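Single-letter residue listing:
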Amino acid sequence: CVAILAIGLGSTAVAQTVAADEAPADFRSLLLDAGISDEELAAFADWNGEFSEAQADVAARLLFRLRSAGEGLAASDRLDVEPGQLVTVEGRAVSATPVELPGAARKILEQNQLTACTVTLSDGSTVVVLSLQIPAAWGRRPPGTPLDEPVILRGVALGTATLSDKSPPLVLAQRLQWFPD
């Protein structure tokens, strides 16, 4: 693929042919090209509900990449994909719990926490979604108030969340799209 770059210099224009890099085949390839390694993605293989400094750093970099390049790439509706692949999740959010971020990630993301949301899918299985943003109305609910809200999201598959006796898939997302019924 070749692109033409035109630069205006006063009344004359200079055209230069620039070889454009091949676009990444998928989001995971984009992450690897950006220096996010398989080892860093593997740090989420069995996430325990708290962030280490290293996990928070990777999460911040993933959220940046998701915001800047994730929209134009295809996402899978399957959750049994390699860590780093884009996925789409549709279901009902049944819980939303704040998860504190360690120091450096707070500065990078300009907030103190992500929210771990448990989403129940139509087949009865669950997914844990770490979201940068949740609907404001959810944050105003009194603690312990039940949650049963329809959501759709696009995020990055990370691995599994090892919480209690279950290990549901773990997904990182910019935000949940809420469709109140």
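Residues numbered from 1 in each chain as written. Predicted model: local features only at pLDDT ≥ 70, side-chain atom pairs only at ≥ 80, totals over all residues. Heavy atoms only, no water.

**With respect to the overall build of the chain**
Step number 1: Across its full length, the chain carries five helices and nine strands.
Step number 2: Along the chain, helices and strands appear, N-terminal first, in the series β-β-α-α-β-α-β-α-β-β-α-β-β-β.
Step number 3: Burial status across the chain gives 34% buried among its 181 residues.
Step number 4: In the chain, of all internal contacts separated by at least 6 residues, the share reaching a separation of at least 24 is 61%. (Helix = DSSP H or I, 4+ residues; strand = E, 2+ residues; numbered from the N terminus. Buried < 20%, exposed > 50% of the residue type's maximum accessible area, 1.4 Å probe, protein only. Contact = heavy atoms within 4.5 Å.)

**Thoughts on the pairing of strand E5 (residues 113–120)**
Step number 1: In terms of strand pairing, strand E4 (residues 86–100) meets E5 through eight bridges, oriented antiparallel. Across the sheet, residue Pro98 finds its bridge partner in E5, namely Thr115.
Step number 2: Note: E5 against strand E6 (residues 126–133), six bridges, orientation antiparallel. The partner of Thr120 across the bridge, within E6, is Thr126.
Step number 3: Joining the antiparallel neighbours E5 and E6 is a turn of five residues, in which Gly124 adopts a positive phi near 90 degrees. (Pairing = 2+ DSSP bridges.)

**Overview of the environment of Gln111**
Step number 1: Along the chain, the position of Gln111 falls in the loop between helix H4 (103–109) and E5.
Step number 2: With relative accessibility at 26%, the residue Gln111 sits in the partly exposed group.
Step number 3: Other than its neighbours up to four places away in sequence, Gln111 contacts Leu101, Arg106 and Leu132.
Step number 4: At 2.9 Å, the side chain of Gln111 forms a polar contact with the backbone oxygen of Leu132. (Polar contact = N/O pair within 3.5 Å; in protein donor to acceptor, adjacent residues only side chain to side chain.)

**Re the layout of surface pockets**
Step number 1: Put simply, the largest pocket is a space of about 320 Å³.
Step number 2: When contributions to the lining of the largest pocket are tallied by element, the ones reaching two or more residues are E4, E5, E6 and helix H5 (136–139).
Step number 3: Across the lining of the largest pocket, the residue classes break down as eight nonpolar, eight polar and one charged. (1 Å grid on protein atoms, 1.4 Å probe; cavity = no way out; pocket = protein on both sides within 12 Å on 5 of 7 lines; lining within 4 Å. Points joined across faces, edges and corners; volume = space filled by probe spheres on them. Nonpolar A, V, L, I, M, F, W, Y, C, P; charged D, E, K, R; others polar.)

**As for the pattern of salt bridges**
Between side chains of opposite charge, a pair can form as their charged atoms come close.
Step number 1: Counted under the stated rule, the structure contains nine salt bridges.
Step number 2: The partner of Arg78 in a salt bridge is Asp80, with the nearest N and O atoms 2.8 Å apart.
Step number 3: Owing to a relative accessible area of 48%, Arg78 belongs among the partly exposed residues under this scheme.
Step number 4: Owing to a relative accessible area of 56%, Asp80 belongs among the exposed residues under this scheme.
Step number 5: Among the salt bridges present, the one from Asp148 reaches Arg92, with a minimum N-O distance of 2.7 Å. Of this pair, Asp148 sits in the loop between H5 and strand E7 (149–161) while Arg92 sits in strand E4, placing them 56 residues apart in sequence.
Step number 6: The exposure class assigned to Asp148 is partly exposed, which follows from its relative accessible area of 43%.
Step number 7: Taken together, the shared-partner salt bridges connect Arg28, Asp38 and Glu82 into one network. (Salt bridge = Lys/Arg side-chain N within 4 Å of Asp/Glu carboxyl O.)

**Focus: the side chain of Thr115**
Step number 1: Tracing the backbone shows Thr115 in strand E5.
Step number 2: Excluding residues within four positions of it along the chain, Thr115 makes contact with Ala96, Thr97, Pro98, Val129, Leu130, Ser131 and Ile134.

**Points about the packing of aromatic side chains**
Aromatic ring pairs: the centre-centre distance and the angle between the two ring planes describe each pair.
Step number 1: All chains considered together, the criterion is met by two aromatic pairs.
Step number 2: Taking 5.6 Å as the distance between ring centres and 50 degrees as the angle between the ring planes, the aromatic pair formed by Trp47 and Phe51 counts as tilted. With respect to burial, Trp47 and Phe51 carry one shared label: buried.
Step number 3: Ring geometry for Trp138 against Trp178: centres 5.8 Å apart, planes inclined by 70 degrees, an arrangement best described as edge-to-face. Remark: Trp178 occurs in strand E9 (residues 177–178) and Trp138 occurs in helix H5; sequence separation between them is 40 residues.
Step number 4: Overall, Trp138 belongs to the buried group, its relative accessible area being 6%. (Phe/Tyr/Trp six-rings, centres within 6.5 Å; stacked < 30°, edge-to-face > 60°.)

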